[in-house]
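One letter stands for each residue in the lines below.
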Amino acid sequence: MRLLPRRSELLALLVAAAAGCREEGAPYDCTCTYLTDFDDAAKQETRVCAASPERAPGVARGCAQAGAPAPIQECSCRPSVGTCVDGCIER
C-alpha cells in the first residue's frame, strides 16, 4: 500500500497549481500617490491587469511601488480597453 504520491504525480500537481495562480482580467489605468522627501504630493502612473475593479487599486499599489521613491499612499483606477493576465502591465 503506497501512501506517498509519486514524484511525477507531485510535479503534475505543482504545475497545475502554479498555472491556476494567474487570472485573466481587464486592464486599468491607475494613478497612485505618495509624499516626497519634502512632503510634496507626487503621483506614479501605472497600467495594471486585475480580475475586478475592486482588486485593481491593490494590484496598482504593488506595481507603482516598484517605481516610486517613497511608500505609495493610495491608488485610484479607471477601466481601460482589452483583456490581459493579472499583474503589472506598465510602470
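So, a few notes on the structure that sits alongside this text. (Residues numbered from 1 in each chain as written. Predicted model: local features only at pLDDT ≥ 70, side-chain atom pairs only at ≥ 80, totals over all residues. Heavy atoms only, no water.)

Observations concerning the overall build of the chain
Spelled out, the test is: Strands are runs of DSSP state E lasting at least two residues, helices are runs of H or I lasting at least four, and both sets are numbered from the N terminus onward. Only protein chains enter the accessibility calculation, which uses a 1.4 Å probe. A residue is then buried if its area is under 20% of the maximum for its type, exposed if over 50%, and partly exposed in between. Note on contacts: a residue pair qualifies if any of its non-hydrogen atoms lie within 4.5 Å across the two residues. Methods summary: accessible areas were calculated by the Shrake-Rupley approach with a probe of 1.4 Å, and residue burial reflects only the protein chains presented.
Scanning the chain for helices and strands turns up two helices and five strands. A burial count over the chain gives 30% of its 91 residues as buried. For the chain, long-range pairs separated by at least 24 residues make up 61% of all intrachain contacts whose partners lie at least 6 apart in sequence. With an accessible surface of roughly 6,500 Å², the chain has 56% of that area assigned to carbon and sulfur atoms.

Some remarks on the side chain of threonine 31
To keep things clear, this is the line we draw: Whenever two N or O atoms come within 3.5 Å, that pair is a polar contact, provided that in protein one can donate a hydrogen and the other can accept it, and provided that, for residues adjacent in sequence, both atoms are side-chain atoms.
Positionally, threonine 31 belongs in strand E1 (residues 24-35). In this structure the side chain of threonine 31 is engaged in a polar contact, spanning 3.0 Å, whose partner is the side chain of glutamate 45. For threonine 31, the contacting residues outside a window of four places in its chain are Lys43, Gln44, Glu45, Glu74, Cys75 and Ser76.

Looking at the environment of lysine 43
Inspection of the secondary structure puts lysine 43 in strand E2 (residues 41-50). For lysine 43, a relative accessible area of 59% translates into the label exposed. As a C-alpha pair, lysine 43 and threonine 33 span 10 residues in sequence and 4.5 Å in three-dimensional space. Ignoring anything within four residues of it in the chain, the contact list for lysine 43 reads Thr31, Cys32, Thr33 and Tyr34.

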